[in-house]
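Examination of the molecular architecture
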There are 2 protein chains.
Amino acid sequence: MAKDNEIISLKNVIEDNLPSISIDIAIFGFHENHLRILLLKNKDKESWTLPGGFIGKEESLEEAANRLLFSRTGLNNIFLQQFHAFGDPERTRINKRAELLKEQYAKDQYAQEFIEWVLGRFITIGFYALVEFTEVEPKHDIFTIECRWHDVQDLPLLVSDHQSIIETALKTLRQQLNYQPIGLSLLPHEFTMPELQRLYETLLGKTLDRRNFQRKMLSYKILERLPTKRKGGAYKAPYLYRFDKESYEEALQNGLKDLW
Amino acid sequence: MAKDNEIISLKNVIEDNLPSISIDIAIFGFHENHLRILLLKNKDKESWTLPGGFIGKEESLEEAANRLLFSRTGLNNIFLQQFHAFGDPERTRINKRAELLKEQYAKDQYAQEFIEWVLGRFITIGFYALVEFTEVEPKHDIFTIECRWHDVQDLPLLVSDHQSIIETALKTLRQQLNYQPIGLSLLPHEFTMPELQRLYETLLGKTLDRRNFQRKMLSYKILERLPTKRKGGAYKAPYLYRFDKESYEEALQNGLKDLW
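Calculation notes
- Residues numbered from 1 in each chain as written.
- Chains lettered and ligands numbered in written order.
- Predicted model: local features only at pLDDT ≥ 70, side-chain atom pairs only at ≥ 80, totals over all residues.
- Heavy atoms only, no water.
- Core = buried A, V, L, I, M, F, W, Y, C linked by side-chain atoms within 4.5 Å.
- Buried < 20%, exposed > 50% of the residue type's maximum accessible area, 1.4 Å probe, protein only.
- Contact = heavy atoms within 4.5 Å.
- Pairing = 2+ DSSP bridges.
- Helix = DSSP H or I, 4+ residues; strand = E, 2+ residues; numbered from the N terminus.
- Least-squares fit on C-alpha atoms with pLDDT ≥ 70 in both.
- Salt bridge = Lys/Arg side-chain N within 4 Å of Asp/Glu carboxyl O.
- Domains from an automatic or database assignment.
- Buried area = accessible area lost by both parts, 1.4 Å probe.
- Polar contact = N/O pair within 3.5 Å; in protein donor to acceptor, adjacent residues only side chain to side chain.
- Nonpolar A, V, L, I, M, F, W, Y, C, P; charged D, E, K, R; others polar.

Turning next to the nonpolar core. Of all hydrophobic cores here, the largest spans 52 residues; its most connected members are Ile25(A) and Ile25(B). Apart from the residues within four sequence positions on either side, Ile25(B) is in contact with Leu50(B), Pro51(B), Ala65(B), Leu68(B), Leu69(B), Leu80(B), Phe127(B) and Ala129(B).

Residues and elements named next belong to chain B. An order of β8-β10-β9 is seen for the three strands of this open sheet, with the pairing classed as antiparallel. Edge positions in the sheet fall to β8 (191–192) and β9 (223–229), since each of these pairs with one other strand and no more. When β9 meets strand β10 (residues 239–243), the two strands line up antiparallel, connected through four bridges. By the bridge assignment, Glu224 is partnered in β10 with Arg242.

The next subject is the sheet that holds strand β10 (residues 239–243) of chain A. Hydrogen bonds between backbone groups are what pair the strands of a sheet, and the pairing can be parallel or antiparallel. Pairing is antiparallel in the open sheet, where three strands are placed in the order β8-β10-β9 (chain A). Two strands bound the open sheet, and with one partner strand each, they are β8 (191–192) and β9 (223–229) of chain A.

Looking now at the environment of Glu135(B). Residue and element names in this part refer to chain B. As for its placement among the helices and strands, Glu135 is situated in the loop between β6 (123–131) and β7 (144–151). As for Glu135 and Gly74, which are separated by 61 residues in sequence, their C-alpha atoms are 8.5 Å apart. What Glu135 contacts, discounting residues up to four positions off in sequence, is Thr73 and Leu75.

Looking now at the relation of the copies chain B and chain A. For the match of chain B to chain A, the screw axis carries a shift of 0.0 Å, the RMSD comes to 0.0 Å, and the turn is 180°. The transformation relating the two chain copies, once decomposed into turn and shift, fits a two-fold axis. Of the residues that chain B buries at the interface, 100% are likewise interface residues in chain A, meaning the two copies contact each other through the same surface.

Looking now at the pattern of salt bridges. One pass over the full model with this rule turns up 16 salt bridges over all chains. Put simply, Arg148(A) and Glu146(A) hold a salt bridge, and the shortest N to O gap is 3.1 Å. Here Glu146(A) falls in the partly exposed class, since its relative accessible area comes to 29%. With a shortest N-O distance of 2.6 Å, Arg91(B) and Asp161(B) are connected by a salt bridge. Of this pair, Arg91(B) sits in the loop between β5 (79–86) and α3 (97–104) while Asp161(B) sits in the loop between β7 and α5 (162–176), placing them 70 residues apart in sequence.

All names here are of chain A. One can read the domain layout of chain A as domain 1 (2–175) and domain 2 (182–254). On a C-alpha basis, the centroid separation for the pair domain 1 and domain 2 is 32 Å. Every contact between the two is made by twelve residues of domain 1 and, on the other side, eleven residues of domain 2. Summing both partners gives a buried area of about 1100 Å² for domain 1 against domain 2, and 66% of it is carried by carbon and sulfur. It is Phe30, Leu130 and Arg174 that lose the most area in domain 1 upon contact with domain 2, and together they represent 46% of the buried surface on that side. Counting the contacts that link domain 1 with domain 2 gives zero salt bridges.

Next up on the list: the interface of chain B and chain A. For an interface, size is often stated in terms of accessible area lost upon the parts coming together. Tallying the contact residues gives 38 residues for chain B and 38 residues for chain A. In total, about 3200 Å² of surface goes out of reach between chain B and chain A, with carbon and sulfur atoms giving 59% of it. For the pair chain B and chain A, the number of links is zero salt bridges. Viewed at the interface, chain A and chain B are joined by ten residue pairs in polar contact (both at pLDDT 80 or more). Taken together, the elements giving at least two residues each to the side of chain B that touches chain A come down to β1 (17–31), β4 (52–56), β5, β6, α5, α6 (193–204) and α7 (210–219) of chain B. Among the residues making up the side of chain B that touches chain A, the classes are represented as 20 nonpolar, nine polar and nine charged.

See the structure below:
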């Protein structure tokens, strides 16, 4: 009875969610010194889309974003932050979805109503999430055919304003480096100072001076140096660090030290 | 024919705007070393509300926010920035507006439809604006009886989640001091270093060291020192400064110097 379920869910999408407003999530992971983002491939087989969806009539924005994040990654309790609402009146009109949806739901009695609803004007609230790359099990949804990581330096064709949503998410991340700590969910549990620097350099898209970086990072007092050094390698073994969870959380709430 | 106009406008509110989504604006001004915010007094004669309104079906978020800002302040081309969307499912349900609206529109044929529309769940997108206090001519709207400035340290009773919207706006402003310039629309054209420091201290809610403040502000390279000093007063005449418009705009776009 898969068909019946699809009919019911199509009807439910309209009945159970708020009209005109959606959520899109830029899910970032850091792997082998590259910043990656999770994208879904559309049924047109050429364009990609950010994971996203609608807001239940009784759901808060954060509940909806967490539900959508879980459904694409299998992860819970993830660093997830709202960053901007996108509301250009034309943003959802420029796409080929009408034809594809008509095809997909040709025999569904709610198809027409659903297509009008979903292709109307939507304002979308952008969230970004920082996840541990290795823990994610990407899953696509019923409107897409694939879900996988892409290097942010090499993005594929994106629908609507999703390119601009990703750029704004990255800009926000870069600004937040100046008042909030970052890295807890992007790096392994233990890391070296050069590994932490590489994360910052990747996010900022520029190289940083090694000594200044170390001095500034240590001044934040969110790092704990471990008694053991990283073993192996031809060079002097580097110190291992981990984030001090308590100071990290405090800095996340109240800002880094040495700010205004 | 004022009555007819009101009937038409009530119907038009529903027909011309997006459902479920609104805008609220925290309009800040700086006067006599106090940070003030523009609020509207509700018809219940006891609670106050942020200026706000709906988004036209063909309007972008920024166009709607600018229109609403102009209608309350008479000002155009103001520093206006989106900062957060507020979407608690209960946020618009906790108020006395139903009774007051029924009274206000007792004889209006669209009253019932309008009341249901306006008292349904709304997600609101928060903007903040920084305005020159002396240039504002506060104007209330048809749902309120007064519009005036309040000290942010001494806020009156506010409806719904407006207290929390103001607190989030202030928190955002404080964070942005760490990567963006501020002051161009809050201070007079020419000002002294102590006056600029007082603005920062008021926004941050704490006192700052005079020499560190001056050193840090000058390092941003957005200030121009004028050849004339402030005259009058018993003490040594302080230097006058103004913002260098070009560097200020550049810092607003790309961030202050000396960031990550």
